[in-house]
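# Reading the structure
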Amino acid sequence: MPRMERFRVVGGARLRGDVHVTGAKNSVLKVMAAALLAEGQTTLTDVPHILDVEIMGELLRRLGCGVDYDPASSTVVVDVPAKLGHQADYDLVRRIRASICVLGPLLARCGEAEVAMPGGDAIGSRPLDFHIAGLAKLGAELDNEHGYIIARAPGGLTGATVWLDFPSVGATENVLMAAVLATGVTVIDNAAREPEIVDLCQMLQQMGAKIDGLSTSTLSIEGVDGLSPTTHAIVPDRIVAGTWAFAAAMTRGDIAVHGARATHLEIALDKLAAAGARVDLLEDGFRVRMDRRPIAVDAVTLPYPGLATDLQPLVMALNSIADGAAMITENIFEGRFVFASELARLGAHVRTDGHHAVIRGVPQLSGAPVRASDIRAGAALTLAGLVSDGVTYVSDIAHVDRGYPGFDGQLRALGADVTREPDPDAALYG
Ligand code: UD1
């Protein structure tokens, strides 16, 4: 068991300096799964140094792959054997939900897959019905036995039109990775078009897959007989980049975010400009400066290119110290509002009703012990601590470490008084 730790955050600093963003967590786990589609050695670069990559690596090892993860060079090499195992166990799947994305590739490569159901998590129940219906459209038979999804396609998969009820990121990825080796043409309508999906499509194309409609909500995939391993650089993490943008605006700071793509954050950066920040584009990213109390901004989360649900806690944290009142509508994961009650412990005025939240800004928050319920909530609470009077303790920071490589070190480099320490109350949480 990793030691339970917390952040001790002393409010007051205005963050200034440069940060460098690495590859996206939400892309690397999927492209590691995509490596399963081709026998041989696939090399991934710009891999973030986070625990989830190690867990996904362990999952691929248990399927028979060689996995060499070198955090120093941000590289993962996956060596895929001719004959793969087809079972992904609960002990790993429950730790990273994204491991459900091995279902499509295993079904395509082995004609069968047994993948543990990941279960719910802190941001809602997160069902898998679109994944299952989509793979069934391609001819797979799927059952749920003893906590596992058992999928079989003994005669192989056949292309079909799959209409997703909602542009689910995970379902799009699973159906896409199954379709690249299916017989005939698959069309995924109402597909998700997040930059991480485009990244996955580009890697699959490099492997020899035939995919049209990248960046649109209709993906057309012509199945091929086999794919070849490749080398691929992971797309920059837009959520980490966006977090630094909000950090600058909240703390009235000045942060240059390098290695980021502003085009992946258009609405978020626009919100910050509306809140009074100055946003400038750089050759390799953007710079956000703020020299006043933020103005409250309304926000609505939507599938890409809408505002990312993963940035919603940051928008709420910004509004908690803004001049005025704002309404936030969360359309993707209602459970993310669990964060609002932790923010209220710091003195924020937030009321939630269903998928709406109303936030009335206060001039300053007041430091208190709070608990991170998920990755983004943990980052947002840490930033809220920086704009609080006194000391804030953020517990359960294992969540933060899952999404933000070296978050506390980067905050210190920007001038924040943030330290990592053992959590004396950890035993109370069980
Ligand atoms: C991914 C991201 C997550 C991000 C989310 C939305 C990863 C590892 N995680 O999660 O950070 O917040 O996209 O951008 O990439 N749904 C169903 N049935 C399904 C599948 C989804 O009802 O079969 C619903 C979900 O409950 C949710 C919505 O669809 O309300 C979107 O979920 P989805 O896009 O699938 O999110 P994830 O892929 O789990």
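Residues numbered from 1 in each chain as written. Predicted model: local features only at pLDDT ≥ 70, side-chain atom pairs only at ≥ 80, totals over all residues. Heavy atoms only, no water.

### Points about the site of the ligand
Taken together, 20 residues are adjacent to the ligand, and Asp129, Phe130, Ser168, Asp310 and Ile332 come closest. At a separation of 2.7 Å, an oxygen atom of the ligand approaches a polar backbone atom of Ile332. Protein burial of the ligand: of its 740 Å² of free accessible surface, 84% is covered by the chains. If you list the elements that add at least two residues to the shell around the ligand, you get α1 (25–34), α5 (129–137) and α6 (169–179). Take the shell around the ligand: its biggest share by element is three residues, from α5. The residue makeup of the shell around the ligand, split by class, is eight nonpolar, five polar and seven charged. Counting only domains with at least three residues in the shell around the ligand, you end up with domain 1 (2–20 + 236–429) and domain 2 (28–233). (Near = heavy atom within 4 Å. Polar contact = N/O pair within 3.5 Å; in protein donor to acceptor, adjacent residues only side chain to side chain. Areas by Shrake-Rupley, 256 points an atom, 1.4 Å probe, with all protein chains shown as cover. Helix = DSSP H or I, 4+ residues; strand = E, 2+ residues; numbered from the N terminus. Nonpolar A, V, L, I, M, F, W, Y, C, P; charged D, E, K, R; others polar. Domains from an automatic or database assignment.)

### Considering the side chain of Thr230
With respect to the element layout, Thr230 can be found in the loop between β13 (218–222) and β14 (231–233). Side chain to side chain, Thr230 and Gln206 meet in a polar contact 3.4 Å long.

### Looking at the domain arrangement of the chain
Split by domain assignment, the chain resolves into domain 1 (2–20 + 236–429) and domain 2 (28–233). The gap between the C-alpha centroids of domain 1 and domain 2 is 31 Å. When domain 1 packs against domain 2, the two sides together hide about 1400 Å² of surface, and 62% of this comes from carbon and sulfur. Looking at the side of domain 1 facing domain 2, the largest losses of area belong to Tyr304, Phe333 and Arg402, adding up to 39% of the total buried there. (Buried area = accessible area lost by both parts, 1.4 Å probe.)

### What to know about unusual backbone geometry
The omega torsion across Tyr304 and Pro305 is 10°, close enough to zero to call that bond cis. A positive phi angle, close to 55°, is found at Ser74, a residue other than glycine. Relative to the helices and strands, Ser74 resides in the loop between β4 (66–70) and β5 (75–80). Given the relative accessible area of 19%, Ser74 is considered buried. (Buried < 20%, exposed > 50% of the residue type's maximum accessible area, 1.4 Å probe, protein only.)

### Side note on helix α4 (residues 103–110)
The buried fraction of α4 amounts to six of the eight residues, a majority that puts the element mostly inside the structure. Those residues of α4 that sit buried are Leu103, Gly104, Pro105, Leu106, Leu107 and Ala108. The inward-facing, buried residues of α4 abut α1, β7 (112–116), α5, β9 (148–152) and α6. Phi for Gly111, located one or two positions after α4, is positive at around 75°. (Contact = heavy atoms within 4.5 Å.)

### Digging into a positive patch on the surface
On the surface, a cluster of positive charge is contributed by Arg14, Arg16, Arg252 and Arg292. Mapping Arg292 onto the fold places it in the loop between β17 (285–289) and β18 (299–300). (Patch = residues over 30% accessible without salt bridge, like charges linked within 9 Å, V, L, I, M, F, W, Y side chains within 5 Å. Salt bridge = Lys/Arg side-chain N within 4 Å of Asp/Glu carboxyl O. Lys, Arg positive; Asp, Glu negative; His and termini not counted. Charge placed at Lys NZ, Arg CZ, Asp CG, Glu CD.)

### A closer look at the pairing of β7
Within β7, four of the five residues are buried, which leaves the element mostly enclosed by the surrounding structure. Taken together, the two bridges between strand β6 (residues 87–88) and β7 define a ladder with parallel strand orientation. Bridge pairing in β7 places Ala88 opposite Val115. Summarising the sheet, β7 and β9 pair through five bridges and their orientation is antiparallel. Counted as the bridge partner of Ala116 is Tyr148 from β9. (Pairing = 2+ DSSP bridges.)

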